[in-house]
Amino acid sequence: MVGYDPETKCVSTVEAAAAGSASGLVTRVLVSPLDVIKIRFQLQIEQLSSKNPGAKYHGILQAVQRIFQEEGLVAFWKGHVPAQFLSVGYGAVQFMAFESLTKLVHNVTSYNARDSFVHFVCGGLAACTATVAVQPVDTLRTRFAAQGEPKIYCNLRHAVVTMYQTEGPRTFYRGLTPTIIAIFPYAGLQFSFYNILQQFSEWVIPAEGKKGGNVKNLVCGSCAGIISKTLTYPFDLFKKRLQVGGFEHARAAFGQVRMYRGLLDCMRQIMREEGPGGFFKGLSPSLLKAAVSTGLVFFWYELFCSLLCALKNTDDATRKAG
């Protein structure tokens, strides 16, 4: 169902956008706590270890307990409003672009639209398009999730106005360069591995055992998310560090802060001060989030597409009967 299939032709571009939006919305509600923990880990300069007295966070369970004690349960959904705008907008643009690109490949080239390499290229391009469209919302989401108490931004409108007045319009696109560099292979690998795993499961599982299609979609999506996230993780960390540039005063309660002049300076400082392991801070919650979120995105997208197809088929049958 993911990508253009000339044999079914069931989901239109608009319907793909609607299904992508719905899958993004539902998934975001469920994975927001993991996202908050991941961002806190990524932004911490100190080593993620209980042996380091200056480290505020040093493990997933410890971070959960500390955030809950200091900021309450709602802290796990900090920045949820801009995050929902991000998920809904990103899901709509990404899946709409992916369906359109795979259809274009089928119509104007000799390549098979169901080929894994086609899914890699089209998935990467679709994600880049979606990223540029929603990058300002992603920056807002990161700042809300990163700020401690007392809060710097009271609400979404206050954040937009304050950032625009004090830092200018370009601040909404902080971290765009590493994001684009990372998102193409990350999303490309997601779609590609999802396609490969789906084909592998169809080969392994006998025809009579293919009733659990939804579970298969969830498992294939989760595995694709883990593989792609592991291979491209450092760029996600660079993006988060750059997005909170000019926001250092709100991070004082969390430990040391750093200012970066750009992507290369960010990479140099992390390597010099934190070592190679610094590039993978927050990998554990990130992999957990990638497994859950990617699996759920593909699961919900396939499910919503199936529902839309079923509704269309029902309408067609009703018209013919009438």
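Residues numbered from 1 in each chain as written. Predicted model: local features only at pLDDT ≥ 70, side-chain atom pairs only at ≥ 80, totals over all residues. Heavy atoms only, no water.

Asks: I tried to follow the overall build of the chain on my own but got confused; where do I start?
Replies: From N to C terminus, the chain includes 9 helices and 0 strands. When the helices and strands of the chain are read in sequence order from the N terminus, they spell out α-α-α-α-α-α-α-α-α. A globule of 322 residues ought to have a C-alpha radius of gyration of about 20 Å, and the chain, at 21 Å, matches this closely. Expressed as a percentage of contacts within the chain between residues at least 6 apart in sequence, the contacts between residues at least 24 apart total 79%. Accessible surface for the chain amounts to roughly 15,300 Å². Of this, 65% is attributable to carbon and sulfur atoms. (Helix = DSSP H or I, 4+ residues; strand = E, 2+ residues; numbered from the N terminus. Rg over C-alpha atoms; globule rule 2.2 N^0.38 Å. Contact = heavy atoms within 4.5 Å. Areas by Shrake-Rupley, 256 points an atom, 1.4 Å probe, with all protein chains shown as cover.)

Asks: Explain the UniProt feature "repeat: Solcar" (unreviewed entry) in the chain here, please?
Replies: UniProt's feature table lists "repeat: Solcar" (unreviewed entry) at residues 11-104, 114-200 and 212-307, given in the numbering used throughout. For residues 11-104, the helix share is 72%, the strand share is 0%, and the end-to-end C-alpha distance is 15 Å. (UniProt positions renumbered as here; feature names shortened; annotations may be inferred.)

Asks: Please clarify how the nonpolar core should be interpreted in this entry.
Replies: General note: in soluble globular proteins, nonpolar side chains tend to be found buried as a group. Of all hydrophobic cores here, the largest spans 19 residues; its most connected members are Val 2, Phe 95, Phe 98, Phe 191, Tyr 194, Phe 298 and Tyr 301. Among the elements of the structure, helix 1 (13-43), helix 3 (80-108), helix 4 (116-146), helix 6 (176-204), helix 7 (213-243) and helix 9 (283-321) are those that each provide at least two residues to this core. Ignoring sequence-local partners within four residues, the contact set of Val 2 consists of Phe 95, Phe 98, Glu 99, Arg 114, His 119, Phe 191, Tyr 194, Phe 298, Tyr 301 and Glu 302. (Core = buried A, V, L, I, M, F, W, Y, C linked by side-chain atoms within 4.5 Å. Buried < 20%, exposed > 50% of the residue type's maximum accessible area, 1.4 Å probe, protein only.)

Asks: Before we go on, may I ask you to explain empty space enclosed by the protein in this structure?
Replies: One simple way to see leftover space: roll a probe sized like a water molecule over the atoms. For the structure shown, the criterion picks out 3 cavities of 30 Å³ or more. Estimates place the volume of the largest cavity at around 740 Å³. Mapped by element, the contributors of at least two residues to the lining of the largest cavity are helix 1, helix 3, helix 4, helix 6, helix 7 and helix 9. The residue inventory of the lining of the largest cavity, partitioned by class, reads 13 nonpolar, 15 polar and 9 charged. (1 Å grid on protein atoms, 1.4 Å probe; cavity = no way out; pocket = protein on both sides within 12 Å on 5 of 7 lines; lining within 4 Å. Points joined across faces, edges and corners; volume = space filled by probe spheres on them. Nonpolar A, V, L, I, M, F, W, Y, C, P; charged D, E, K, R; others polar.)

Asks: Any chance you could explain the pattern of salt bridges here in plain terms?
Replies: Side chains bearing opposite charge may pair, as long as their charged atoms lie close to each other. Inspection of every chain in the model, using the stated rule, returns 19 salt bridges. The closest approach of N and O atoms between Asp 35 and Arg 141, which form a salt bridge, is 2.3 Å. Taken together, the residues Asp 35 in helix 1 and Arg 141 in helix 4 connect sequence positions 106 residues apart. In this structure, Arg 143 and Glu 167 form a salt bridge, with 2.8 Å as the shortest nitrogen-oxygen distance. Of this pair, Arg 143 sits in helix 4 while Glu 167 is found in helix 5 (residues 156-167), placing the two residues 24 residues apart along the sequence. Accessibility expressed as a relative area gives 0% for Arg 143, which makes it buried. The structure contains a network of salt bridges with shared partners spanning Arg 28, Asp 35, Lys 38, Asp 138, Arg 141, Lys 229, Asp 236, Lys 239, Lys 240 and Lys 289. (Salt bridge = Lys/Arg side-chain N within 4 Å of Asp/Glu carboxyl O.)

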